[in-house]
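One letter stands for each residue in the lines below.
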Amino acid sequence: HFPGLERAIADDGYQSATTIAAVRHDARLSLEIDERPDLTGFVVLTKRGIVERTFGWLDRCRRLAKDFENLTSTHAAFFILAMIRLMLR
């Protein structure tokens, strides 16, 4: 389904057995849970920072800020266009 991808990374909110099984079955990927350690003060979490920064960039696209699309495929197409736009810049 997703050529070139070997695993998906999610935070600890997605650690249910149902979610892990769905990702394994539907996307044919292993799901790695990136648990947040008990920290005091500011500590950079590399994987989480990359994802959050990407979501921040995508929030600048008005079409993706709200879920206006009726079809998932249309939303995915606009997501791909937004990522292409980011990569070209």
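The structure this text deals with has already been given above.
Residues numbered from 1 in each chain as written. Predicted model: local features only at pLDDT ≥ 70, side-chain atom pairs only at ≥ 80, totals over all residues. Heavy atoms only, no water.

1. Things to note about the overall build of the protein chain
Argument step 1. The helix and strand inventory of the protein chain stands at four helices and two strands.
Argument step 2. Along the chain direction, N to C, the helices and strands of the protein chain fall in the order β-α-β-α-α-α.
Argument step 3. A compact globule built from 89 residues would reach a C-alpha radius of gyration of about 12 Å, whereas the protein chain, at 15 Å, exceeds it by more than 25%.
Argument step 4. Over its C-alpha atoms, taken along the principal directions, the protein chain stretches across nearly 35 × 35 × 25 Å.
Argument step 5. Here the protein chain displays about 7,600 Å² of accessible surface, and carbon together with sulfur accounts for 58% of that area.
Argument step 6. Distance between charge centres in the protein chain, computed from 13 positive and 12 negative side chains, equals 9 Å. (Helix = DSSP H or I, 4+ residues; strand = E, 2+ residues; numbered from the N terminus. Rg over C-alpha atoms; globule rule 2.2 N^0.38 Å. Areas by Shrake-Rupley, 256 points an atom, 1.4 Å probe, with all protein chains shown as cover. Lys, Arg positive; Asp, Glu negative; His and termini not counted. Charge placed at Lys NZ, Arg CZ, Asp CG, Glu CD.)

2. A word on the pairing of strand β1 (residues 7–11)
Argument step 1. Of the strand pairs in this sheet, β1 and strand β2 (residues 30–34) are connected by five bridges, and their pairing is parallel. Within the sheet, the bridge partner assigned to A8 lies in β2 and is L31.
Argument step 2. One crossover worth recording links β1 to the parallel β2 by way of helix α1 (residues 17–27), and it is right-handed. (Pairing = 2+ DSSP bridges. Right-handed = clockwise from strand over helix to strand, strands pointing away.)

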